[in-house]
Amino acid sequence: MDKISLWVVVSAALADSVNPCEIGILTMALLHIIFAYGKEKVLSIGLTFSLGVAISYFFYGIFVAHIFKYIASIRIIVGIAAILLAVPRMVYTLKGEELKLTPTPLRPIVGGYLRKGNVWYALVGGLLAGFILMPCSSGPYYVILTLLSHDIVTVRLKAYVWLALYNAIVVLPLVVITLAAHFLMDVTKVKEYKDKLVPLLEWASSLILLALGLYVLTQM
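Residues numbered from 1 in each chain as written. Predicted model: local features only at pLDDT ≥ 70, side-chain atom pairs only at ≥ 80, totals over all residues. Heavy atoms only, no water.

What follows deals with the packing of helix H1 (residues 6-17) against helix H7 (residues 139-153). Taken N-terminus to C-terminus, the directions of H1 and H7 make an angle of 150°; their axes are 8 Å apart at the nearest point. What the angle tells us is that H1 and H7 run roughly antiparallel. Crossing of H1 against H7: the hand is left-handed. Counting all contacts with H1, which are made through Val 8, Val 9, Ala 12, Ala 15 and Asp 16, the residues of H7 involved are Pro 140, Tyr 141, Ile 144 and Leu 147. Classifying every residue of the contact of H1 with H7 by side-chain character gives 8 nonpolar, no polar and 1 charged. (Axes fitted to C-alpha atoms, helices over the stretch in contact; angles between N-to-C directions. Helix = DSSP H or I, 4+ residues; strand = E, 2+ residues; numbered from the N terminus. Parallel < 35°, antiparallel > 145°, perpendicular 65-115°, else oblique. Left-handed = near helix turned anticlockwise from the far one by under 90°. Contact = heavy atoms within 4.5 Å. Nonpolar A, V, L, I, M, F, W, Y, C, P; charged D, E, K, R; others polar.)

See the structure below:
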């Protein structure tokens, strides 16, 4: 098994959790739900969406790990790709812009499911978001999957525990936004905080991605 520590998994997951696509869509959808259906639906919709994202991301990781296992130079590819992605993301963030890695027309598909105000539609929206909106922040996930691919393919329990922990952390911001919108404040305030914090967090996540790219290249 590749040597992988808790701090590597947690730092990568925290970087991946700053997904401006998913965070933005969930915030706007919750705002719509409050005005269209009432605040009582916020909790069920937001948490179900988060669950859908975690499920799809988890199984996507297993699928990718099986592919990575049979690519001999995957560490070099992923390490270099992480560095090449991190640098422009940091530049774009400092300029106050978003590096769009997901085709814009696909984003309303997820938002449309959320705005229906139904938990089953929210679950489908979350499952789709795990795939459609994943490119917005998933660079760190590929680094972790590179390190875990052998043990995921050979079905070693520890690798699946790392994967589950990773995905629980990834959806943490979505859960926090949902809880804040339901219990603590008006969702418009949540949107204000999101607009202020996400650029800073995205820059930090890009810095972590850069470090992860260098890390995986040194673990040859």
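Text resumes after the structure shown.
This next bit is on the environment of Leu 133. Within the element layout of this structure, Leu 133 appears in the loop between helix H6 (119-132) and H7. C-alpha of Leu 133 to C-alpha of Cys 21: the two residues are 112 residues apart in sequence and 6.2 Å apart in space.

Its place among the elements puts Thr 48 in helix H3 (residues 42-68). If near-sequence neighbours (up to four positions away) are discounted, Thr 48 is found in contact with Val 119, Ala 122 and Leu 123.

This next bit is on the nonpolar core. Core analysis: the largest hydrophobic core is formed by 57 residues, its most contacted members being Ile 4, Phe 49, Leu 114, Ile 152 and Tyr 166. Every residue in contact with Ile 152, bar those within four places of it in the chain, is listed here: Ile 62, Ala 65, His 66, Leu 145, Ala 159, Tyr 160 and Leu 163. (Core = buried A, V, L, I, M, F, W, Y, C linked by side-chain atoms within 4.5 Å. Buried < 20%, exposed > 50% of the residue type's maximum accessible area, 1.4 Å probe, protein only.)

We now examine the pattern of salt bridges. Scanning the model with the defined rule gives 1 salt bridge in all. A salt bridge links Asp 151 to Arg 156; the nearest nitrogen and oxygen atoms lie 3.2 Å apart. Taking relative accessible area as the criterion, Asp 151 reaches 1% and is therefore assigned buried. (Salt bridge = Lys/Arg side-chain N within 4 Å of Asp/Glu carboxyl O.)

Moving on to the confidence of the model for the chain. Low pLDDT means the predicted coordinates in that region are not meant to be read closely. The share of residues in the chain with pLDDT of 70 or more is 87%, and the mean pLDDT across the chain is 81. Highest mean pLDDT in the chain belongs to helix H8 (residues 157-170) (92); lowest belongs to helix H10 (residues 187-218) (75). (pLDDT = per-residue confidence, 0-100.)

Turning to the packing of aromatic side chains, a few remarks are in order. Tallying each qualifying case throughout the model produces 8 aromatic pairs. Look at Phe 68 and Tyr 142: their rings are 6.1 Å apart centre to centre, the planes differ by 45°, and that puts the pair in the tilted class. You can see Phe 68 sitting in helix H3 and its partner Tyr 142 sitting in helix H7, a full 74 residues away along the chain. Relative accessible area serves as the criterion here: at 9%, Phe 68 is assigned to the buried category. A relative accessible area of 22% places Tyr 142 in the partly exposed class. Consider the rings of Tyr 141 and Tyr 166, whose centres lie 4.8 Å apart with planes at 15°: the pair is stacked. Of this pair, Tyr 141 sits in helix H7 while Tyr 166 sits in helix H8, and the two are 25 residues apart along the sequence. Accessibility expressed as a relative area gives 0% for Tyr 141, which makes it buried. (Phe/Tyr/Trp six-rings, centres within 6.5 Å; stacked < 30°, edge-to-face > 60°.)

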